[in-house]
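Each chain, written out:
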Amino acid sequence: EAIGKYGFESSPTGVVQMMQAFQEPHLANDPDIQQMTGYINHLLFVEPTMTQEQKQGGSATEIAPQQKKTANKDELVHVSLVQYPEENGAAQLEVEVLDNATMGEVLAAAAAKLGREDVTTKGRLVRKQGGTLISFNKEEALGRRRRLLLMGVDLKQATQSLELGTDVEADTSAASLSLEQAKALQW
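Predicted model, so just to flag it, every value in this text is computed and none were measured. (Residues numbered from 1 in each chain as written. Predicted model: local features only at pLDDT ≥ 70, side-chain atom pairs only at ≥ 80, totals over all residues. Heavy atoms only, no water.)

Student: Is there a simple way to explain the overall build of the protein in this structure?
Tutor: Tallying secondary structure elements over the protein gives eight helices and five strands in all. Written out in order from the N terminus, the α and β elements of the protein read α-α-α-α-β-β-α-α-β-β-β-α-α. Counting only residues that meet the buried cut, the protein has 37% of its 187 residues in that class. Pairs at least 24 apart in sequence give 62% of the contacts found in the protein among residues at least 6 apart. (Helix = DSSP H or I, 4+ residues; strand = E, 2+ residues; numbered from the N terminus. Buried < 20%, exposed > 50% of the residue type's maximum accessible area, 1.4 Å probe, protein only. Contact = heavy atoms within 4.5 Å.)

In structure tokens, the structure reads:
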């Protein structure tokens, strides 16, 4: 409800639009905004930690060890990137990467396919765990995953511009924030 006061929908789509607004240069380059954004991202996209049992070599059912890239695998695989939030008709993008690719390489493949370098900086691959979203580390191996959630980039608009052959970077119809509004929204 708080984001509605700043011109964004009170919905998952509004949250994505708000996150995109924080990428505007006058906000993204402000030291106070950067510090608070880092703190908020840490709280929202906390990486899971291993339990004591897992550290001692016990059960690893909760969190599998990070898979390392192996030199003997070089098969191309298709990965579906699905826009988060997953609403009816959520946009999807299919990319091809090596089966030993990292999450960063998946983002780079999406950026190359869309012709948009900002996908690698604004895009975030996430997974649902309980009621929380957890961000994949860019060095984490793709492993057997073939469907990933993507947030921070408007895939619907990006894929439409790809189909039309136009170069559209961001939805400028979304509300924008002044520096004062952005700070008030964060605090």
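Student: I tried to follow the environment of V15 on my own but got confused; where do I start?
Tutor: Mapping V15 onto the fold places it in helix 1 (residues 12-21). For V15 and G152, which are 137 residues apart along the polypeptide, the C-alpha to C-alpha distance reads 9.7 Å. Those residues in contact with V15 that sit more than four places away from it in its chain are I3 and E9.

Student: Just to check I follow, could you spell out the packing of aromatic side chains for this structure?
Tutor: Any aromatic ring pair is given by two values, namely how distant the centres are and how the planes are angled relative to each other. Across all of its chains, the model carries zero aromatic pairs by this definition. A cation over a ring is seen here: R127 above F136, with NZ or CZ 4.7 Å from the ring centre. (Phe/Tyr/Trp six-rings, centres within 6.5 Å; stacked < 30°, edge-to-face > 60°. Lys NZ or Arg CZ within 6 Å of the ring centre and 35° of its normal.)

Student: Please explain the pattern of salt bridges as it appears in this structure.
Tutor: A side chain of one charge can pair with a side chain of the opposite charge if their charged atoms are brought near each other. Considering all chains together, one arrives at three salt bridges under this definition. Measuring nitrogen to oxygen at the nearest pair gives 3.9 Å for the salt bridge that ties D118 to K122. Placement of the pair is D118 and K122 together in helix 6 (residues 118-122), with a separation of four residues, close to one helical turn. Judged by its relative accessible area of 26%, K122 is partly exposed. One salt bridge connects R145 with E140, and the closest N-O pair in it is separated by 3.3 Å. Members of the salt-bridge network, linked through shared partners, are R116, D118 and K122. (Salt bridge = Lys/Arg side-chain N within 4 Å of Asp/Glu carboxyl O.)

Student: Explain unusual backbone geometry here, please?
Tutor: Working note: non-glycine residues mostly have negative phi, and peptide bonds are mostly trans. Put simply, Y84 and P85 share a cis peptide bond, and its omega is 10°. Secondary-structure assignment places P85 in the loop between strand 1 (76-83) and strand 2 (92-98).

Student: What am I meant to see in the confidence of the model for the protein here?
Tutor: Regions with low pLDDT carry predicted coordinates that are not meant to be interpreted in detail. Considering every residue of the protein, the mean pLDDT works out to 74; 70% of them sit at 70 or more. For the stretch residues 50-55, pLDDT sits under 50, and the model shows 11 contacts to residues farther than four places along the chain or on other chains. Overall, residues 166-173 carries pLDDT values under 50, and its contacts beyond four positions in sequence, including any with other chains, amount to 10 contacts. (pLDDT = per-residue confidence, 0-100.)

Student: Any chance you could explain the sheet that holds strand 4 (residues 132-135) here in plain terms?
Tutor: Read across the open sheet, the five strands follow the order 2-1-5-3-4; overall the sheet is mixed. Edge positions in the sheet fall to strand 2 and strand 4, since each of these pairs with one other strand and no more. Between one strand axis and the next, the sheet turns by 45° as a mean value, whatever way the strands run. For strand 1 and strand 2, the ladder comprises seven bridges, and the chain directions are antiparallel. (Pairing = 2+ DSSP bridges. Axes fitted to C-alpha atoms, helices over the stretch in contact; angles between N-to-C directions.)

Student: In this structure, what is going on with helix 8 (residues 179-186)? I would like to understand it.
Tutor: Since the α-helix advances by 3.6 residues per turn, residues separated by three or four positions end up pointing in the same direction. Among the residues making up helix 8, those that are buried are A182, L185 and Q186. Buried positions in helix 8, seen along its axis, are confined to an arc of 95° and lie on one side of it. (Arc of directions from axis to C-beta.)

Student: I would appreciate a short explanation of the nonpolar core in the present structure.
Tutor: Nonpolar side chains tend toward joint burial in soluble globular proteins. V79, L81, V106, L125 and L148 are the most contacted members of the largest nonpolar core, which has 23 residues in total. For this core, the elements supplying multiple residues, two or more each, are strand 1, strand 2, helix 5 (103-114) and strand 5 (147-151). In this structure, L81 is in contact with A91, Q92, L93, V95, V106, A110, L125, L148 and L155, ignoring residues within four places of it in sequence. I3, Y6, L27 and L177 belong to the second-largest nonpolar core, a separate cluster that totals 11 residues. (Core = buried A, V, L, I, M, F, W, Y, C linked by side-chain atoms within 4.5 Å.)

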